[in-house]
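# Observations on chain architecture
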Amino acid sequence: WTGPEQSELFFSVTTSDYLPLIEITINNKTYNALIDIGASISLIDKNVEDFRKKLLVAPIQFSTINKKDFIRYEVMTNAPREFNIEENAKIRWKVTELRGRRYKFIIGIDLLNCFKTMINLVDGYISFNDKITNFILNPYKNLQICTLEGLDFDLSRIQLDHLNTEEYGEVKQILSRFREL
């Protein structure tokens, strides 16, 4: 996935009412964060002005099911209190626009893999290094399925060039099922 000038990363965004959201606290300020095991990287909304943005040496290309874009900035923050790590630890977040979302951060697999993370779907919590944080709403309590971004079902408009043949077939089947609802 890497090229001479850029790296390519993938992440997904959900739009369900029951998202795996938690509250995180950075510098005594609370933010909503989405737990997204499908996200390769952790993100911060570009409109959060509490932190200084730093220009990346090279842009990072990322893809969703609807589009490709580039990340050009990152932000370094103190680690959220919920991560249960040393007090002066820093976390790097890539900056993108999360317009219209109920969260300002996406905690992706890059951070989830760094800590002793456990997601308990039955009881509705996530733990980082043995510290439990409850979901704001338990996204799994009613067997709610979180779907990908809203689509108009026109497959020709969806950029699926980063999917293999098997994944593309699965997406087509899912979309056709939703079209029948």
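Numbering of residues starts from 1 in every chain and runs along the sequence as written. Totals for whole chains, interfaces and linings use all residues, but because this is a predicted model, local features are given only for residues with pLDDT of at least 70 and pairs of side-chain atoms are given and counted only at 80 or more. Hydrogens and water are ignored here; the side-chain numbers use all heavy atoms of the structure.

## Thoughts on the overall build of the protein chain
Test applied: A helix here means a DSSP run of H or I that spans at least four residues, while a strand means a run of E at least two residues long, and both kinds are numbered starting from the N terminus. Each residue's exposure class comes from its accessible area (1.4 Å probe, protein chains only) as a fraction of the maximum for that residue type: buried when under 20%, exposed when over 50%, partly exposed otherwise. Here, residues are in contact when the closest pair of their heavy atoms is within 4.5 Å. For the area figures, the Shrake-Rupley method with a 1.4 Å probe applies, and any residue is considered shielded solely by the protein chains shown.
Helix and strand counts for the protein chain stand at 2 helices and 11 strands. Along the chain direction, N to C, the helices and strands of the protein chain fall in the order β-β-β-β-β-β-β-β-α-β-β-β-α. Residues counted as buried form 41% of the 181 residues belonging to the protein chain. Taking the contacts inside the protein chain whose residues are at least 6 apart along the sequence as the reference set, 62% of them involve residues at least 24 apart. On the protein chain, roughly 10,900 Å² of surface is accessible, and the fraction owed to carbon and sulfur atoms is 48%.

## Comments concerning the nonpolar core
So the rule is basically this: The criterion is simple. A nonpolar core is a set of buried Ala, Val, Leu, Ile, Met, Phe, Trp, Tyr and Cys residues joined through side-chain atoms within 4.5 Å.
Grouped together as the largest cluster of nonpolar side chains are 24 residues, with contacts concentrated most on I22, I24, W93, F105, I107 and F128. Elements with a minimum of two residues in this core: β2 (21-26), β3 (29-35), β7 (90-96), β8 (105-107), α1 (109-112) and β10 (125-128). With residues near it in sequence (within four places) discarded, I24 still touches K29, T30, Y31, A33, P80, E82, W93, F105 and I107. Core analysis: the second largest hydrophobic core is formed by 13 residues, L34, A39, I41 and F62 among them.

## Notes on the sheet that holds strand β11 (residues 131-134)
Formally: When DSSP locates at least two bridges between a pair of strands, those strands are taken to pair. An axis is simply a line fitted to the C-alpha atoms; with a helix, the fit covers only the stretch in contact. Between two such axes, the angle follows the N-to-C directions and lies from 0 to 180 degrees.
What the 3 strands build is an open sheet, ordered β9-β10-β11; its pairing is antiparallel. What marks the edges here is a single partner per strand, and that holds for β9 (117-120) and β11. Strand-to-strand twist of the sheet, defined as the mean angle between neighbouring strand axes without regard to direction, takes the value 20 degrees. Here β10 runs beside β11; their pairing, made up of 4 bridges, is antiparallel. Within β11, the residue paired with S127 across the bridge is I132.

## Regarding the pairing of β3
Pairing between β2 and β3: 6 bridges, direction antiparallel. Looking at β3, one finds that L21 is bridged to L34. Here β2 hands over to β3 after 2 residues, with N27 in that stretch at a positive phi of 55 degrees. Pairing between β3 and β8: 3 bridges, direction parallel. Within the sheet, the bridge partner assigned to L34 lies in β8 and is I106.

## Regarding the confidence of the model for the protein chain
The criterion, for reference: pLDDT expresses how confident the predictor is about each individual residue, on a scale running from 0 to 100.
Overall, the predicted model of the protein chain reaches an average pLDDT of 78, with 71% of residues at or above 70. Counting contacts from residues 1-15, a segment whose pLDDT is below 50, to residues more than four positions away or on other chains yields 55 contacts. Note that residues 142-152 has pLDDT below 50 and, in this model, 30 contacts with residues that lie over four places away or in other chains.

## Observations regarding the pairing of strand β6 (residues 68-78)
Looking at chain direction, strand β5 (residues 53-63) and β6 are connected through 7 bridges and run antiparallel. Residue pairing for β6: F62 is matched across the bridge by D69. Taken together, the 5 bridges between β6 and β7 define a ladder with antiparallel strand orientation. Paired with E74 across the two strands is K94, which belongs to β7.

## Re the pattern of salt bridges
Our working definition: Any Lys or Arg side-chain nitrogen located within 4 Å of an Asp or Glu carboxyl oxygen qualifies as a salt bridge.
In this structure the tally under the stated criterion is 6 salt bridges. Residue K29 is joined to D50 by a salt bridge in which the shortest nitrogen-to-oxygen separation is 3.0 Å. With a gap of 21 residues between them, K29 in strand β3 and D50 in the loop between β4 (43-45) and β5 connect regions that are remote in the sequence. Note that K116 and D130 form a salt bridge whose closest N and O atoms lie 2.8 Å from each other. With K116 in the loop between α1 and β9 and D130 in the loop between β10 and β11, this residue pair connects regions lying 14 residues apart in the sequence. Here the salt bridges do not stand alone but share partners, grouping E74, R92 and K94 into one network.

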